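Next come the chains, spelled out residue by residue.
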Amino acid sequence: MNPSTRLLLPLLLASLAAGGCGDAKSDDAGSGDAGSRDAGSRDAGSGDAGSGDAGRTACYVPTPASGEDGYVATVAVSEHTFEFQLPDDPEGGLVTVTISGRQIFSDVRVEGAGDDGFLSINGVATDTVGTFTRTFVGAPGVTYLVDVNDTYAREEQDSPVELTWELSATRDCFEPNDTPASAAPFALGEDVVAYLFAGYTTNDWPGYEDHHDYYAVEIEAAGTLTVTVDPGPDELALAVFSANAPSVSLGDSWSLDETAITVALEVEPGTYLVRIAPFVLPIYDSFAGEPTQWNQPYTLRATVE
C-alpha cells in the first residue's frame, strides 16, 4: 500500500462506519486466460440485470507484443524517434515504455496517449545510467512514437540509449460488465476468474466507475447466499444487490490487502447482482497507472445453503 493510501484510510474507514460502505462505493492486466466462458454463451439475467450478448467482445487470445531498440547519441545527432505498433486485437492493454540513457534532459513523448495527446517523462541522470519508465493505456492497432534526446554525448564520447516496450493485455470473457445493465451471468458454484481492469479500447486511463465488474446470479430457493472474492488486487470492495434495486446494497465488505472478501446474507428466490470494485475513489486514484496493482486476476464464487 502506498503512503497516500495509508494517510487516507483513517478518514475513509470512519466515513464508511458512519454511512455504510455500500453508499461510499456507489459513486475506475498481465496477459492471461482469465474468464471461463465464451462471450456468446452469456444470457441476460431477469429484472434489471444483463442484456445478453449486445456490445460484448468475444473472447480471444491476446497477441504477445514487446520490443526493443536503441541508438547512439552523438554531438551531431542527439535526438531519435522510436516507433512501435500494438496488435490489432479486439482490446488493447497497459503499455510500459522504459528508456535507459546517460543524460536525458528533454521530454520523452508517447504521442497519441493521454488526455493531451501525449505523455511526458522528465528526468536528469549524470555520469550513471538513468532509467525512465512510463505506463499508459494503449489502444489496439495504434502506432506510438517515442521522441528521445540524450545530451550526454561529447566530442570525445558518444552516449548509447536503449528503449524497451511491452504490452500487458488481459483476456476477460465477462467484459464488458461495468454496469448493472451489462452484468455477466454466472452459476452458483462456478469459479469466475477475471480481471478488474479489462476491455481497453482507447488511450484513456479508465475512470473509477468505468471498471466496476457486475455479475448476475439466479437463486432458485431461499437460503444463505455466500459470495467470496479471493484473491485479487489490494483495496477491493464487494457488494450484493437485488437485480430489481441495483443501487441499494444488501450486504458489502472490503479488503485492504490481498485477503479474501466474503459477504453472506439470507435471500429469497430471484436474481441478484454482485459488484466487485476498487475500494472507494481516493484509493483508486492513488493507484492510477500502476499495472502491478491491477494486473492480478480475482476469483469469484457464490453458493447457497
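Residues numbered from 1 in each chain as written. Predicted model: local features only at pLDDT ≥ 70, side-chain atom pairs only at ≥ 80, totals over all residues. Heavy atoms only, no water.

Asker: Please clarify how the overall build of the protein should be interpreted in this entry.
Answerer: Helix and strand content of the protein: 4 helices and 17 strands. When each of the 305 residues of the protein is scored for burial, the buried share is 50%. For the protein, the computed accessible surface area is about 13300 Å², with 49% contributed by carbon and sulfur atoms. (Helix = DSSP H or I, 4+ residues; strand = E, 2+ residues; numbered from the N terminus. Buried < 20%, exposed > 50% of the residue type's maximum accessible area, 1.4 Å probe, protein only. Areas by Shrake-Rupley, 256 points an atom, 1.4 Å probe, with all protein chains shown as cover.)

Asker: Help me understand the confidence of the model for the protein in this model?
Answerer: In regions of low pLDDT, the predicted coordinates are not meant to be interpreted in detail. Across the protein, pLDDT averages 74, with 65% of residues at or above 70. Least confident of the elements in the protein is helix H2 (residues 21-25), whose mean pLDDT is 32; most confident is strand S12 (residues 223-229), at 97. Note on residues 1-56: pLDDT is under 50 here. Beyond four places in sequence and across chains, it has 149 contacts. Confidence drops under a pLDDT of 50 for residues 123-127, and excluding neighbours within four residues, the segment shows 13 contacts in the predicted structure. (pLDDT = per-residue confidence, 0-100. Contact = heavy atoms within 4.5 Å.)

Asker: Can you help me understand the pairing of strand S14 (residues 245-255) in this one?
Answerer: On any regular strand, side chains alternate: one points to one face of the sheet, the next to the other face. Pairing of strand S13 (residues 236-242) with S14, which is carried by 7 bridges, proceeds in the antiparallel orientation. Looking at S14, one finds that Ser242 is bridged to Ala245. Linkage of S13 to S14, two consecutive antiparallel strands, is achieved through a turn of 2 residues. (Pairing = 2+ DSSP bridges.)

Asker: What exactly am I supposed to notice about the sheet that holds S14 here?
Answerer: Where strands meet in a sheet, backbone hydrogen bonds hold them as pairs that are either parallel or antiparallel. Pairing within the open sheet is mixed, and its 5 strands lie in the order S9-S11-S16-S13-S14. The two strands at the open ends of the sheet, each matched to only one other strand, are strand S9 (184-185) and S14. With 2 bridges joining them, S9 and strand S11 (residues 213-219) adopt parallel strand pairing. Paired with Ala184 across the bridge in S11 is Tyr215.

Asker: What is the right way to look at the packing of aromatic side chains in this model?
Answerer: Pairs of aromatic rings are described using the distance from one ring centre to the other and the angle between the two planes. One pass over the structure, following the stated rule, counts 5 aromatic pairs. Both rings, one in Phe84 and one in Trp165, keep their centres 4.4 Å apart while their planes meet at 10°; by these two values the pair is stacked. Of this pair, Phe84 sits in strand S2 (residues 79-85) while Trp165 is found in strand S8 (residues 159-168), placing the two residues 81 residues apart along the sequence. Here the two residues Phe84 and Trp165 agree in accessibility, since each one is buried. Chaining the aromatic ring pairs together yields one cluster made of Phe84, Tyr144 and Trp165. (Phe/Tyr/Trp six-rings, centres within 6.5 Å; stacked < 30°, edge-to-face > 60°.)

Asker: Would you explain the environment of Tyr272 in this entry?
Answerer: With respect to the helices and strands, Tyr272 occurs in strand S16 (residues 270-278). For Tyr272, a relative accessible area of 10% puts it in the buried group. Between the alpha carbons of Tyr272 and Val217 there is a distance of 5.4 Å; along the sequence they are 55 residues apart. Discounting residues that sit within four places of it in the chain, Tyr272 has contacts with Tyr215, Ala216, Val217, Ile219, Phe241, Ser242, Ala243, Leu250 and Val267. A distance of 2.8 Å separates a polar side-chain atom of Tyr272 from the backbone oxygen of Glu268. (Polar contact = N/O pair within 3.5 Å; in protein donor to acceptor, adjacent residues only side chain to side chain.)

Asker: Which parts of the structure should I look at to understand the environment of Arg154?
Answerer: Structurally, the position occupied by Arg154 is in the loop between strand S7 (143-149) and S8. With 79 residues separating them in the primary sequence, Arg154 and Val75 have C-alpha atoms 5.8 Å apart. Not counting residues up to four positions away in its chain, the partners in contact with Arg154 are Val75 and Gln103.

Asker: What exactly am I supposed to notice about the sheet that holds strand S1 (residues 66-73) here?
Answerer: Strand order in the open sheet formed by 4 strands is S1-S8-S3-S6, and the pairing between neighbours is antiparallel. At either end of the open sheet lies a strand with only one pairing partner, and these are S1 and strand S6 (130-138). With strand direction ignored, the average angle separating the axes of adjacent strands in the sheet is 15°. Relative to S8, S1 is paired through 8 bridges, and the arrangement is antiparallel. Following the sheet pairing, Asp69 is matched in S8 by Leu163. (Axes fitted to C-alpha atoms, helices over the stretch in contact; angles between N-to-C directions.)

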